[in-house]
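# Architecture and fold: a report
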Amino acid sequence: MNSIGEIKNYLKENLSSERYFHTLGVMEEAVELAKRYNIDIKKAEIAGLLHDNAKCMTKEDLRKFIDNHLPDMDKNELKNYKTLHAPVGAYFAKEKFKISDPEIISAIRWHTLGRVNMTTLEKIVFLADKIEKNTRDIEYRNQIIKILDENKGELGLNMALFMCFVETVKSLAERRLYICKTTIDVYNWLLESIEK
Ligand SMILES: [Fe+2]
Ligand SMILES: [Fe+2]
């Protein structure tokens, strides 16, 4: 695996300065959440740092890359290009940055869409991406942290994620945009998990 320093240098050179600032925020937030939920801090740090590594690619390049290297990807996912840097970034994490841990790879892979039965690491990276301190809305962050403070363990994580999915579904519907089946499945899964 490449060292954290080498990865940082690559990202600094290849991402916009705002995206790099966001990336460092996600890394720090993922570490904080990993401590809170007692999971491997190093895995959270690397997944947070690498989550947007393919964000510098254009829509066309992402589509072309997926055609050539990830031909089995669910076609549903291809409808919103904004999510495509996640599967491509997961591929690069493995091939370019030599990350062999499947948990780190899948946290990068699912950070845009989420998935049913997400692991704790996947949930943490997903949330860190929404609430990091450097570039995200502070009010939104405070609401999520409040949910985590008031509801212990996985329940709190699932309630916080559910709030994110409600926002996503609302905003897609209001703009008359396609809602990927995965998003609906994750929404329903989270709803059931918090109402048990
Ligand atoms: Fe992303
Ligand atoms: Fe991000």
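All of the points below concern the structure found in this document. (Residues numbered from 1 in each chain as written. Chains lettered and ligands numbered in written order. Predicted model: local features only at pLDDT ≥ 70, side-chain atom pairs only at ≥ 80, totals over all residues.)

## Looking at helix α9 (residues 153–174)
End to end, α9 covers 32 Å across 22 residues, agreeing with the expected 32 Å (1.5 Å per residue, within 8%). Within α9, burial applies to Gly156, Leu157, Asn158, Ala160, Leu161 and Cys164. Where α9 is buried, its residues touch α7 (120–131), α8 (138–150) and α10 (181–194). Two residues or fewer after α9 comes arginine 176, characterised by a positive phi angle close to 55°. (Helix = DSSP H or I, 4+ residues; strand = E, 2+ residues; numbered from the N terminus. Expected span 1.5 Å × (residues − 1). Buried ≥ 20, exposed ≤ 12 C-beta atoms within 10 Å, placed from the backbone. Contact = placed C-beta atoms within 7 Å.)

## Describing the nonpolar core
Nonpolar side chains in soluble globular proteins tend to end up buried together. In terms of nonpolar packing, the biggest core is built from 44 residues, with Ala30, Ala47, Ile124 and Leu127 touching the most fellow members. It is α7 that provides the largest number of residues to this core, a total of 7 residues. For isoleucine 124, the residues in contact, after removing those within four places along its chain, are Ala30, Leu33, Ala34, Tyr37 and Ala44. (Core = buried A, V, L, I, M, F, W, Y, C linked by C-beta atoms within 7 Å.)

## Quick notes on the environment of proline 87
One can find proline 87 in helix α5 (residues 85–95). With 24 C-beta atoms counted inside 10 Å, the residue proline 87 sits in the buried group. Considered as a pair, proline 87 and leucine 33 are 54 residues apart in the sequence and their alpha carbons are 23 Å apart. Non-local contacts of proline 87, meaning those with residues more than four positions away in its chain, are made with Ile66, Leu70, Met73 and Arg109.

## A look at unusual backbone geometry
For asparagine 38, which is not glycine, the phi torsion reads 55° and is therefore positive. Of note in the backbone geometry, asparagine 117 takes a positive phi value of approximately 60° without being a glycine. Among the residues examined, asparagine 117 registers 8 C-beta atoms within 10 Å and is labelled exposed.

## What about the packing of helix α3 (residues 41–50) against helix α6 (residues 102–109)?
At their nearest, the axes of α3 and α6 sit 9 Å apart, and the two run at 35° to each other. Every pair of crossing elements has a handedness; the one defined by α3 and α6 is right-handed. Mapping the contact onto sequence places Lys43, Ile46, Ala47 and Leu50 in α3 and Glu103, Ile104, Ala107 and Ile108 in α6. When the residues that make up the contact of α3 with α6 are grouped by side-chain class, the tally is 6 nonpolar, no polar and 2 charged. (Axes fitted to C-alpha atoms, helices over the stretch in contact; angles between N-to-C directions. Left-handed = near helix turned anticlockwise from the far one by under 90°. Nonpolar A, V, L, I, M, F, W, Y, C, P; charged D, E, K, R; others polar.)

## Brief notes about the packing of α9 against α10
Two elements in contact, α9 and α10, have axes whose closest approach is 9 Å; the angle formed by their N-to-C orientations is 140°. Classed by the angle they form, the pair α9 and α10 counts as oblique. Between α9 and α10 lies a crossing whose hand is left-handed. Together, Leu155, Asn158, Met159, Leu161, Phe162, Phe165, Thr168 and Val169 of α9 and Thr183, Val186, Tyr187, Leu190, Leu191, Ser193 and Ile194 of α10 make up the contact between the two elements. For the contact of α9 with α10, the class distribution of residues is 11 nonpolar, 4 polar and no charged. (Parallel < 35°, antiparallel > 145°, perpendicular 65-115°, else oblique.)

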